[in-house]
Amino acid sequence: GAVVSQHPSWVICKSGTSVKIECRSLDFQATTMFWYRQFPKQSLMLMATSNEGSKATYEQGVEKDKFLINHASLTLSTLTVTSAHPEDSSFYICSARVVGTGYEKLFFGSGTQLSVL
Amino acid sequence: DAKTTQPPSMDCAEGRAANLPCNHSTISGNEYVYWYRQIHSQGPQYIIHGLKNNETNEMASLIITEDRKSSTLILPHATLRDTAVYYCIVRPRIQQGGKLIFGQGTELSVKP
């Protein structure tokens, strides 16, 4: 089946530094990728929609200058948490979308646990 | 996406069937019922989806009521590895923009 690789699986960083998370579709080209954030004991919250070659669309309340998204190819999207602070500590998950004739499929990465000290 | 209502948590004995309900009384005619699950500290996993007929695959069965206002996901022989949060989502088969919005889900605990 289709695989979405997310890297790193976990990262610890100091407050004020930036962290980049990669999301790759390994055996297919994704027309769209999505980024979610999940706090403990809560559901996934959609942060932004990323389309290859265009600017990401952010959900209401998500700071686009803090969460930089780059989608340079049909198989790679990156999320950079800039000037991370402890409140940014969370589980970040990406998803890749494939659309065909009469169908749509969504595949998820395994997530990245970010801990900001 | 139409709103869904699920119980926040359920327990199930290992080896028994787990029946997870979902209410979606405002579902539209073109919306399907999708089920995903998320095992702790992992990404969500697709389980099954259906429009109006009952569906079965290697993971689970999906029973949709005739009026389509509710559905039940059935794990026929639950194992400890089925402990997860299960999300019921209603959306068109091809969603404009492709967004998948998660509700609160049901936390299923399978106990020995």
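Please refer to the structure higher up on the page.
Throughout what follows, the structure given in this document is the object of discussion.

1. Points about the overall build of chain B
Item 1. On a plain count of helices and strands, chain B comes out with 0 helices and 9 strands.
Item 2. Secondary structure elements of chain B occur, N-terminal to C-terminal, as β-β-β-β-β-β-β-β-β.
Item 3. Whereas a compact globule of 112 residues would reach a radius of gyration of roughly 13 Å, chain B reaches 13 Å, a difference of no more than 12%.
Item 4. By its C-alpha atoms, chain B is 40 × 30 × 25 Å across when sized along the principal axes.
Item 5. Partitioning the intrachain contacts of chain B with sequence separation of at least 6 by distance along the chain shows that 58% fall at a separation of at least 24.
Item 6. Each charge sign in chain B was given a centre, from 11 positive and 10 negative side chains, and these centres are 4 Å apart.

2. Section: the side chain of D88(A)
Item 1. Along the chain, D88(A) falls in the loop between β8 (76–81) and β9 (90–100).
Item 2. Beyond its immediate sequence surroundings of up to four residues, D88(A) is in contact with K66(A), F67(A), V81(A), S83(A) and L114(A).

3. Quick look at the sheet that holds β8(A)
All names here are of chain A.
Item 1. Across the sheet, 4 strands lie side by side as β1-β3-β8-β7; this open sheet has antiparallel pairing. Where the open sheet ends on each side, the last strands, each with one partner, are β1 (4–7) and β7 (67–73). Across this sheet, the average inter-strand angle for adjacent strands is 15°, counted without regard to direction.
Item 2. Where β7 and β8 come together, 5 bridges link them in antiparallel fashion. Note that in β8 the partner of I69 across the bridge is L79.

4. Remarks on the packing of aromatic side chains
Item 1. Going through the model one piece at a time under the given rule, you end up with 10 aromatic pairs over all chains.
Item 2. Relative to F108(A), the ring of Y36(A) has its centre 6.1 Å away and its plane inclined at 45°; by these criteria the two rings are tilted. Of this pair, Y36(A) sits in strand β4 (residues 32–38) while F108(A) sits in strand β10 (residues 103–108), and the two are 72 residues apart along the sequence.
Item 3. Look at Y36(A) and you get buried, because its relative accessible area is 1%.
Item 4. Seen in terms of ring centroids, Y87(B) and F102(B) are 5.1 Å apart; in terms of plane orientation they differ by 80°. Their pairing is edge-to-face. Here F102(B) lies in the loop between β8 (84–92) and β9 (106–111) and Y87(B) lies in strand β8, a separation of 15 residues in the sequence.
Item 5. For F102(B), a relative accessible area of 7% translates into the label buried.
Item 6. R91(B) extends its terminal NZ or CZ atom over the ring of Y34(B), reaching a point 6.0 Å from the ring centre.

5. Points about a nonpolar patch on the surface
Residue and element names in this part refer to chain A.
Item 1. A cluster of nonpolar side chains, W10, I12 and L117, forms an exposed patch at the surface whose accessible area comes to about 410 Å².
Item 2. Looking at where L117 falls in the secondary structure, it is placed in the segment after β11 (112–116).
Item 3. Owing to a relative accessible area of 66%, L117 belongs among the exposed residues under this scheme.

6. A few points about the pattern of salt bridges
Item 1. Applying the stated criterion to the full structure yields 6 salt bridges over all chains.
Item 2. D88(A) is the partner of K66(A) in a salt bridge, and the nearest nitrogen-oxygen pair spans 2.9 Å. Of this pair, K66(A) sits in the loop between β6 (57–58) and β7 while D88(A) is found in the loop between β8 and β9, placing the two residues 22 residues apart along the sequence.
Item 3. Judged by its relative accessible area of 13%, K66(A) is buried.
Item 4. Classification of D88(A) as buried rests on a relative accessible area of 5%.
Item 5. A salt bridge links E104(A) to R91(B); the shortest N-O distance between them is 2.6 Å. On the criterion of chain membership, the pair formed by E104(A) in strand β10 and R91(B) in strand β8 is interchain, its members lying in two chains. Take E104(A) and R91(B): they sit in the same class, and that class is buried.
Item 6. In the salt-bridge network here, residues are joined through shared partners; they are R97(A), E104(A) and R91(B).

About the thresholds
Residues numbered from 1 in each chain as written. Chains lettered and ligands numbered in written order. Predicted model: local features only at pLDDT ≥ 70, side-chain atom pairs only at ≥ 80, totals over all residues. Heavy atoms only, no water. Helix = DSSP H or I, 4+ residues; strand = E, 2+ residues; numbered from the N terminus. Rg over C-alpha atoms; globule rule 2.2 N^0.38 Å. Contact = heavy atoms within 4.5 Å. Lys, Arg positive; Asp, Glu negative; His and termini not counted. Charge placed at Lys NZ, Arg CZ, Asp CG, Glu CD. Pairing = 2+ DSSP bridges. Axes fitted to C-alpha atoms, helices over the stretch in contact; angles between N-to-C directions. Phe/Tyr/Trp six-rings, centres within 6.5 Å; stacked < 30°, edge-to-face > 60°. Buried < 20%, exposed > 50% of the residue type's maximum accessible area, 1.4 Å probe, protein only. Lys NZ or Arg CZ within 6 Å of the ring centre and 35° of its normal. Patch = residues over 30% accessible without salt bridge, like charges linked within 9 Å, V, L, I, M, F, W, Y side chains within 5 Å. Areas by Shrake-Rupley, 256 points an atom, 1.4 Å probe, with all protein chains shown as cover. Salt bridge = Lys/Arg side-chain N within 4 Å of Asp/Glu carboxyl O.

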